[in-house]
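# Results of the structural survey
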Amino acid sequence: MSEEHHIPPSYSIKRWLFSTNHKDIGSLYIVTSLYFLFVGGALALLVRVQLTVPNNNFIASSAFNQAFTTHGLIMVLWFLSPFAFGFANWIVPLQIGARDLAFPRINALSYWLYLFSGILLLMSSAAGLPDGGWTLYAPLTTLRFTPNLGLSLAAGGLILFIVSITVSSVNFITTILKMRAPGMKLMQMPMFTWTILLTVFMMLYAFPSLLAGTIMLMGDRTLGTMYFGSPQGGSLLWDHLFWFFGHPEVYVVLFPAMGAIGDIIPTFTRRPLYGRKYIIMSFIIVALLSFGVWGHHMFVTGYDPLVAKIFTVTTIAISLPFDIIVIAMIESLVKGKVRLKTPMLFVLGSIALFIVGGITGVFLGSVALDYALRGTYFVVAHFHYVMVGGGVVALFGAFYYWYPKITGKMYDEGLGKAHFVLSVIGFTLLYFPMFMNYEMPRRVVTFTETQWAFTNYLSTIGGFVFGLAQILMLYNFYESSKTGAPAGSNPWNGFTLEWAVPSPPPQNDFDVTPRFSEDGTISLPGLGAFANGGTHTMSTAHAEHGIMESHLSQWPVALAGAAFTLILGILGVTLLPTASFIEGMLYLWILLTGFILGGLGLYGFAKEKFVSFEDEEAEGWPFKHVARVRMGVWVFLASEVILFGTFIGAYIFIRAGTLDWPAINTVFQIQHGAINTFILLTSSFTAVMALVYSKRESKAGVIGSLLLTIFLGLWFLYNKATEWQELFHEGHTFDSGVVMSTYYITTGAHGAHVIGGLAAMTILIGGALKGRHMGEHGSENIHNFGLYWHIVDIIWIFLFPLFYLI
Amino acid sequence: MVSSTSEIFQPLFDLFVWLGILVGVVVIAIFLIVIFKYRDRGSKTPEPEDTPILGKVPEERGHPRSVVISLALSIVILTFLLNGTFAVIDTLNTPPSGTLNVQVNGFQWGWKFVYPNNYEDTVLRVPKDETVILKIVSNDVAHSFGVLEYKTKMDALPGRTNTIWFIPKDTGEYNIVCFEFCGVGHAYMKTKLIVMDPAEFQDWYSKVKPAEAEHPVQGASRP
Ligand code: HEM
Ligand SMILES: [Cu+2]
Ligand SMILES: [Cu+2]
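Residues numbered from 1 in each chain as written. Chains lettered and ligands numbered in written order. Predicted model: local features only at pLDDT ≥ 70, side-chain atom pairs only at ≥ 80, totals over all residues. Heavy atoms only, no water.

## Remarks on the site of ligand 1
Residue and element names in this part refer to chain A.
- Contacts to ligand 1 come from 25 residues, most closely from His71, Trp134, His384, Arg442 and Arg443.
- Here an oxygen atom of ligand 1 sits 2.7 Å away from a polar atom, N or O, in the main chain of Trp134.
- Here Arg443 contributes a side-chain N or O atom positioned 2.7 Å from an oxygen atom of ligand 1.
- Listing elements by their share of the shell around ligand 1, those giving two or more residues are helix H2 (22-50), helix H3 (61-96), helix H12 (377-407), helix H13 (413-436) and helix H14 (453-483).
- In terms of residue count, the dominant contributor to the shell around ligand 1 is H12 (7 residues).
- Its residues placed into classes, the shell around ligand 1 shows 17 nonpolar, 5 polar and 3 charged. (Near = heavy atom within 4 Å. Polar contact = N/O pair within 3.5 Å; in protein donor to acceptor, adjacent residues only side chain to side chain. Helix = DSSP H or I, 4+ residues; strand = E, 2+ residues; numbered from the N terminus. Nonpolar A, V, L, I, M, F, W, Y, C, P; charged D, E, K, R; others polar.)

Written as structure tokens, this is what we have:
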């Protein structure tokens, strides 16, 4: 399939299923996320209708709980980030002068995983949507208190979603760090690209904590482990895991919007951004600090007062860099020529709303005020001001800004302005009254207090105004895509590189790669500089020849489908004890299909000859001499370290609260662990041997060492299996308490990584048999696999003493 | 003021609100003025000299001075707020030796109060002007015990005992509400706090009080 270099036309189904081109994937992300916006919005309106008047009986409590929980999950996870990443997909490669992302097929895989994860979430509606709040606070979410299958399906969806986020982050980091146009320094990147870079870093290191937490929750729900049902783990453990992810997540949804603001303001004020350096520095500081403020969500959990004070200080400190950003953005307008077009209106509105959101955030950062405000509508108002006001409103601005680029058509300016005005009015009516309800508890299906009646009434009206305004946007974009005036390549007189290509851009974006010179001048070799005031742009004719990259692959969607089927199968298997024979066979069949599909998908993916864009001269400082895949592997492995760090953190947390932890050599026999440590260490050695042989181009040596490594891996797993079996015989099963919970889940996750390594080696051997993976260049894959394998071994070296020696 | 906690909350909250409004209004006003003043009025507004153009990375501009000034201002304001916060939180964290210890049990969906003499009730009766110390636990999922008018709350978590204290300053009925989502009955997990005249309280308590002496609350504490 990949031999075809031209993407099928836009009415072809094949195009939308198999395209790997960043622009197509971007469009898929935008459309899918908008769908989720309207689902989430409908749920929010249900919530608002129920709360219009006191003592209302519009929907029952259980339906209400499902509505606000699913609303929160969808809006934060399935709408906001994917919406922003629709634009990131479209625009980042254009802004840095790359023709696609580093790994186009992985990019398609991210999208399809995202779609399937959303399907899992929506499928849960058949069994009851999740209803424990988007924070999924334990132990309410354990099987004992929430027995319905819906939550398990949603948790399965969440796991797929996190996998999607992780591979997509690796992709963007590699792209931005390694594929900039020759000469483009990091500091010359446009603001949007900068914030996307920081966003993906935050995602990569925040989501593993949620992934580990969700795996533990699934373990509790399906195997009977006791992470959250026990006093040693319980609510506090979940709070830590969730909010370690949750706070950075707030900036994950905010940063892309602020980056778009940073590009839109200079375009519409006709002046460079004020204090760009300081803004970038502030973003970096926020990204780092974001991992050190999560405790402000736990002020009234009764933890140590000193810790609470520290989190108060870090939280209030994090408002300082935002202060710099906002002030600099306002100063950017001074002495400019501020053109109040729709994108700019949304951006300015967003800044104003964000100011309110930021100021009220300082309230919530104060532990003393939090005793009163925690769990009230003040919080609901605050986070909507930040996420909807600061995030969504600016992204709508970005939508208007890039719409002409994406479609080649101009939207209707009048309708756009009407959309803006209605949105701001609706927003304010909707959320401002919630600040005044700073006493009213959130997540309540109804209330009796008459002093909250008027404000709630206003909120509901505002909700409908806001919701209807968004339909105006859809209408505008739909109509304009057919009847809009042609936009031309640079309708706004923009200065970043996406405006240098035609609208919509040709399949390969840039025919010639732009070059950055020391003084910041950009030129197109062979086509001259953008000489006279930046009017020289590329023509479609130029861009259509010399296409050599692949843009189609059927394997990403197949692999994502396999992952989806596997999750369904696994969930089905956990129902086996109570299922009828027919149902049981069905579940097993689904599981088997998932495995087969996954195997075929991996095989096809690995075997496919896919040519992706590679420019030898691309700017990759400071990683210029690191191969692209190697870079991706490094970044990915760092997130694996966080994943296991979270499992180990949970272990330490639980162990600190468990007085009767079994003595050494009672439950866990040292010799089991010691033998396995020895085996894995040896296998690291044989993996290195494979690399040495491949550099020497010895096919037999490579295959021999890999087979030896596989053998050692299998031996390790065999030992593990016998050990588990013995433990089971002694009555130490999954559900025998916190000690066994941490043991089975942590070493089980590690074992799964060993299995993953075995699969990778099998594929490598297949290639080696055909004579691939040899020589200095060909050894790259073996080297990358080796890195993975060493990390898996090193993780074991941490797990061994934790369970067997102390 | 109805209680010691609302007494210390209100001035701090007011400080935040007024400073917040001040900062918000000033910043947004400047913002709007700037937008209005520099709006594009066609040929009346000259094209700035440093207009970013396609094909050239825009020049860096901006002076550290403005960053330093706005940072300094913010730090002054935030230090103010931090100081206030720390003073209040220290008070909240150091209960005076209490005269009345009550254990609060949250469950799906209601509250149970256990007095020192093991008397149990579903409403909380306390005497005015005396320190009340609550030991809060949960029997099942996470809840949060809060007295609406008292502006204080504390999570009720399974397997842990959390403490808050207050001194009621006025007699009357107040609303006890659950502030952490805990399932379908969450919205209805309400009861009353009844603050009584000390003499009346003693009278009531002696009637429900068994003969034996007071003994400390037994919380389900962390192992
Ligand atoms: C567009 C982006 C939006 C985002 C990112 C967002 C985010 C959230 C989140 C995270 C929650 C918390 C859910 C929970 O408590 O588990 C929530 C609750 C809520 N949202 Fe939104 N929301 C958005 C739009 C809206 C809109 C348009 C409305 C009104 C029409 C709305 C009304 C509400 C209401 C009423 C709640 C319930 C609060 C509670 O009971 O605690 N939201 N939202
Ligand atoms: Cu936070
Ligand atoms: Cu509750």
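## What about the interface of chain B and chain A?
- Taken together, the contacts link 83 residues of chain B with 102 residues of chain A.
- Between chain B and chain A, roughly 8000 Å² of surface is buried when both sides are summed, and carbon and sulfur atoms account for 68% of that area.
- Taken together, the links from chain B to chain A amount to 9 salt bridges.
- One salt bridge in this structure joins A:Arg270 and B:Glu47, with 3.2 Å as the shortest N-O distance.
- On inspection of chain B and its partner chain A, the count reaches 29 residue pairs in polar contact (both at pLDDT 80 or more).
- At the level of secondary structure, the elements contributing two or more residues to the side of chain B that touches chain A comprise helix H1 (4-37), helix H2 (64-93), strand E7 (152-156), strand E8 (162-166) and strand E9 (172-178) of chain B.
- Grouping the constituent residues of the side of chain B that touches chain A by class yields 46 nonpolar, 20 polar and 17 charged. (Contact = heavy atoms within 4.5 Å. Buried area = accessible area lost by both parts, 1.4 Å probe. Salt bridge = Lys/Arg side-chain N within 4 Å of Asp/Glu carboxyl O.)

## What to know about the environment of A:Leu568
- Assignment of secondary structure puts A:Leu568 in helix H16 (residues 555-574).
- Filtering out sequence-adjacent residues up to four positions away, A:Leu568 remains in contact with A:Leu120, A:Met123, A:Leu153 and A:Ile590.

## Describing the packing of helix H21 (residues 738-769) of chain A against helix H23 (residues 780-805) of chain A
All names here are of chain A.
- Viewed as axis vectors pointing N to C, H21 and H23 meet at an angle of 160 degrees, and their least axial separation amounts to 10 Å. Relative to H23, the element H21 lies roughly antiparallel. The way H21 lies across H23 gives a crossing that is left-handed.
- Across the contact of H21 with H23, the residue classes break down as 16 nonpolar, 8 polar and no charged. (Axes fitted to C-alpha atoms, helices over the stretch in contact; angles between N-to-C directions. Parallel < 35°, antiparallel > 145°, perpendicular 65-115°, else oblique. Left-handed = near helix turned anticlockwise from the far one by under 90°.)

## Quick word on the domain arrangement of chain A
Residue and element names in this part refer to chain A.
- Parsing chain A into structural domains produces domain 1 (20-530) and domain 2 (660-806).
- Computed over C-alpha atoms, the centres of domain 1 and domain 2 are 38 Å apart.
- Contacts between the two partners involve 10 residues from domain 1, matched on the other side by 8 residues from domain 2.
- Summed over both partners, the interface of domain 1 with domain 2 buries about 750 Å², with 75% contributed by carbon and sulfur atoms.
- Put simply, domain 1 and domain 2 have 0 salt bridges between them.
- For the pair domain 1 and domain 2, the interface holds 1 residue pair in polar contact (both at pLDDT 80 or more).
- Split by residue class, the side of domain 1 that touches domain 2 holds 5 nonpolar, 5 polar and no charged. (Domains from an automatic or database assignment.)

## Remarks on the sheet that holds strand E2 (residues 110-114) of chain B
- Strands sit in the order E3-E2-E1-E5-E8 (chain B) across an open sheet of 5 strands; the sheet is mixed. Whereas interior strands pair on both sides, the edge strands pair on one side only; in this sheet they are strand E3 (120-121) and E8 of chain B. (Pairing = 2+ DSSP bridges.)

## Looking at the packing of aromatic side chains
- In this structure the tally under the stated criterion is 89 aromatic pairs over all chains.
- For the ring pair A:Tyr29 and A:Tyr114, a centre distance of 5.4 Å and an interplane angle of 15 degrees mean the geometry is stacked. With A:Tyr29 in helix H2 and A:Tyr114 in helix H4 (residues 104-123), this pair connects stretches of sequence that are 85 residues apart.
- Relative accessible area serves as the criterion here: at 1%, A:Tyr114 is assigned to the buried category.
- Judged by centre distance (6.3 Å) and plane angle (55 degrees), the ring pair of A:Trp796 and A:Tyr804 falls under tilted. Taken individually, A:Trp796 and A:Tyr804 each receive the classification buried, so the pair is uniform in this respect.
- Of note, A:Arg105 hangs over the ring of A:Phe605, and the distance from its end group to the ring centre comes to 3.9 Å.
- A cation sits over an aromatic face here: A:Lys309 above B:Phe86, 5.2 Å from the ring centre. (Phe/Tyr/Trp six-rings, centres within 6.5 Å; stacked < 30°, edge-to-face > 60°. Buried < 20%, exposed > 50% of the residue type's maximum accessible area, 1.4 Å probe, protein only. Lys NZ or Arg CZ within 6 Å of the ring centre and 35° of its normal.)

## Quick word on the coordination of the copper ion (ligand 2)
All names here are of chain A.
- The copper ion (ligand 2) binds to the protein through His247 (ND1), His296 (NE2) and His297 (NE2); the donor distances cover 1.6 to 2.0 Å.
- Expressed as a motif, the donor residue spacing for the copper ion (ligand 2) is H-x48-H-H. In this pair, His247 sits in helix H7 (residues 234-269) while His296 sits in the loop between helix H8 (276-289) and helix H9 (305-331), placing the two residues 49 residues apart along the sequence. (Donors = N, O, S within 2.8 Å, 3.2 Å for Na, K, Ca; no water.)

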